[in-house]
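Reading the structure
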Amino acid sequence: MTATPGGVIGGTAQLSFVAGRNSTTQVVVQLGSTGAIRLADNSPRSMHMVVDVIGWYRAGTATNTGATQGDTSARVFDTRTGAGTAKGAIPAGGTRVISVRGRAGIPLNGAQTAALSVTVAGPTGSGSLSVYRGDIGSPGSADINFPAGVSTTSTVIVPVAANGTIRVTNNSSRPVHVLADNNAHTLTGVPGQSSTLHSLTTKRIVDTRTGLGAPKRAVAPVASIGVQVAGKGGVPTAGVKAVVVNVIAVGPTRTGQVMAYQYGTSRPSAPTLSTTAGVITSNTVIVPVSAAGKITLTNNSTGSTHLVVEVSGWIQG
């Protein structure tokens, strides 16, 4: 499925899906001149689509450090064709350093982060993928979890190194092809104004399997847990409007949904991710934070699931 400015036909895929399974992702999409976007089903069968709005950016050219500039979605790299990187799958346990500067709307200089729709294409085994700055070692976190045989897409807001590179690590036991499309970038420098984005090296702050940041047990059906995010993983204790987090459902016993939202508010109807029994599923989302620095996670399912949260950025209040 593609999401483009209204009136623009074509574009790159923001969501990959398989028959009979609900799929969810979060993307930054530029508006057309009439304020519309265009959704296209690129499959041979019909389907229903649901769109939930979680925020917006001002029009014009971003000039302040930490401000976000929306870009027309375009391909940054594709290991299948050799576009933007070496041609060939990333081997099991392997890492690829990829230059993103000057590609798909990302400037040659001055990009602090890029909002990439990253796709693992046709994996032959299950596993995970880490996407991070090009000048550091792997943070050990998983930005995309994928099952065997299913192409999987997720949005990753990835910091860009000073030399314009990112790293992609294949944490699976089989080679994988990876492609990415850019949707937006933030300007480099130390953000100082309200609503600007501060990027972080991804850090795990919640894992119900181990008791990190939450009780050590699976989240029960239709149950919620409050999660402290302010003061965790590099997020400051005050002055935080929202956080950028990767929410992961591990070992769900039934198909359902997970919602991540501001603590102390009513549960939204929009899911953060759709889950399938027995399948690890993840999605990167921007979640508003309560005055006490907390968010809520709800397991909207008839079965239990473990939940993991990894933080990669925060938005200044």
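About the thresholds
Residues numbered from 1 in each chain as written. Predicted model: local features only at pLDDT ≥ 70, side-chain atom pairs only at ≥ 80, totals over all residues. Heavy atoms only, no water. Helix = DSSP H or I, 4+ residues; strand = E, 2+ residues; numbered from the N terminus. Rg over C-alpha atoms; globule rule 2.2 N^0.38 Å. Buried < 20%, exposed > 50% of the residue type's maximum accessible area, 1.4 Å probe, protein only. Contact = heavy atoms within 4.5 Å. Areas by Shrake-Rupley, 256 points an atom, 1.4 Å probe, with all protein chains shown as cover. Lys, Arg positive; Asp, Glu negative; His and termini not counted. Charge placed at Lys NZ, Arg CZ, Asp CG, Glu CD. Pairing = 2+ DSSP bridges. Axes fitted to C-alpha atoms, helices over the stretch in contact; angles between N-to-C directions. Polar contact = N/O pair within 3.5 Å; in protein donor to acceptor, adjacent residues only side chain to side chain. 1 Å grid on protein atoms, 1.4 Å probe; cavity = no way out; pocket = protein on both sides within 12 Å on 5 of 7 lines; lining within 4 Å. Points joined across faces, edges and corners; volume = space filled by probe spheres on them. Nonpolar A, V, L, I, M, F, W, Y, C, P; charged D, E, K, R; others polar. Salt bridge = Lys/Arg side-chain N within 4 Å of Asp/Glu carboxyl O.

The helix and strand tally for the protein stands at zero helices and 18 strands. Taking 20 Å as the expected radius of gyration for a compact globule of 317 residues, we find that the protein reaches 18 Å, a close match to that expectation. Along the three orthogonal principal directions, the C-alpha set of the protein runs to about 45 × 45 × 45 Å. Expressed as a percentage of its 317 residues, the buried residues of the protein come to 48%. Once local pairs closer than 6 in sequence are excluded, the contacts in the protein between residues at least 24 apart make up 77%. Approximately 13,800 Å² of the protein is accessible, and the part contributed by carbon and sulfur atoms is 52%. Side-chain charges of the protein comprise 23 positive and 9 negative groups, with the mean position of each set lying 5 Å from the other.

Moving on, we come to the sheet that holds strand β11 (residues 197–207). One open sheet holds the four strands; their spatial order is β11-β18-β13-β16, and the pairing between them is antiparallel. Two strands close off the open sheet at either side, each with one partner strand: β11 and β16 (281–288). Within this sheet the neighbouring strands show an average axis-to-axis angle of 20°, counted without direction. Judged from the eight bridges that link them, strand β13 (residues 240–250) and β16 form a sheet pairing that is antiparallel. Within β16, the residue paired with Val244 across the bridge is Ile286.

The next subject is the environment of Gly94. With respect to the element layout, Gly94 can be found in the loop between β3 (68–78) and β4 (95–99). Given the relative accessible area of 11%, Gly94 is considered buried. When the C-alpha positions of Gly94 and Pro175 are compared, they lie 8.4 Å apart, and in sequence the two are 81 residues distant. Once residues within four sequence positions are removed from consideration, Gly94 is found in contact with Val168, Thr169 and Asn170.

In this fold, His185 is placed in strand β10 (residues 177–187). Here the side chain of His185 touches Asp71 through a polar contact of 2.8 Å, side chain to side chain. His185 has contacts with Ala67, Thr68, Gln69, Asp71, Gly105, Ile106, Pro107, Thr113 and Ala114, leaving out every residue within four places of it along the chain.

Let us now look at the pairing of strand β17 (residues 294–301). On any regular strand, side chains alternate: one points to one face of the sheet, the next to the other face. Taking burial as the measure, the eight residues of β17 include six buried ones, the bulk of the element. As defined by bridge partners, strand β12 (residues 223–228) adjoins β17 across six bridges and the pair is classed as antiparallel. Across the sheet, residue Ser224 finds its bridge partner in β17, namely Thr298. Both strand β14 (residues 256–262) and β17 contribute to a ladder of seven bridges, which runs antiparallel. The residue bridging Ala260 from the neighbouring strand is Leu297, located in β17.

The next subject is the sheet that holds β12. As summarised here, the arrangement of the four strands in space is β12-β17-β14-β15, forming an open sheet in which the pairing is antiparallel. Unpaired on one side and paired on the other, β12 and β15 (273–275) mark the two borders of the sheet. Strand-to-strand twist in this sheet, taken as the mean axis angle between neighbours without regard to direction, amounts to 20°.

Once that is clear, we can look at empty space enclosed by the protein. Overall, the coordinates contain three cavities of 30 Å³ or more when judged by the stated rule. Of the volumes computed, that of the largest cavity is approximately 260 Å³. Contributing to the lining of the largest cavity are 21 residues, with Arg21, Asn22, Ser23, Thr152 and Thr281 lying nearest its centre. Mapped onto the lining of the largest cavity, the elements with two or more residues apiece are β8 (152–159), β15 and β16. Within this model, the second largest cavity holds a volume of roughly 100 Å³. Surrounding the second largest cavity, 17 residues form its lining, Val131, Asp143, Ile157, Thr202 and Ser312 being those nearest its centre. Contributions of two or more residues to the lining of the second largest cavity are made by β6 (127–133), β8, β11, β13 and β18 (306–316). Here the residues of the lining of the second largest cavity sort into nine nonpolar, five polar and three charged.

This next bit is on the pattern of salt bridges. In total, this model carries seven salt bridges according to the counting rule given. Across the salt bridge formed by Arg204 and Asp207, the nearest N and O atoms sit 3.5 Å from each other. Judged by relative accessible area, which is 31%, Arg204 ranks as partly exposed. The closest approach of N and O atoms between Arg209 and Asp207, which form a salt bridge, is 2.8 Å.

With respect to the element layout, Ser172 can be found in the loop between β9 (165–170) and β10. Of note is the side chain of Ser172, whose polar atom sits 2.7 Å from the side chain of Asn170. Among all residues touching Ser172, those that are not within four sequence positions of it are Ala92, Gly93, Ser126, Gly127, Ser128 and Phe146.

All we've got here are geometric facts, nothing functional implied.
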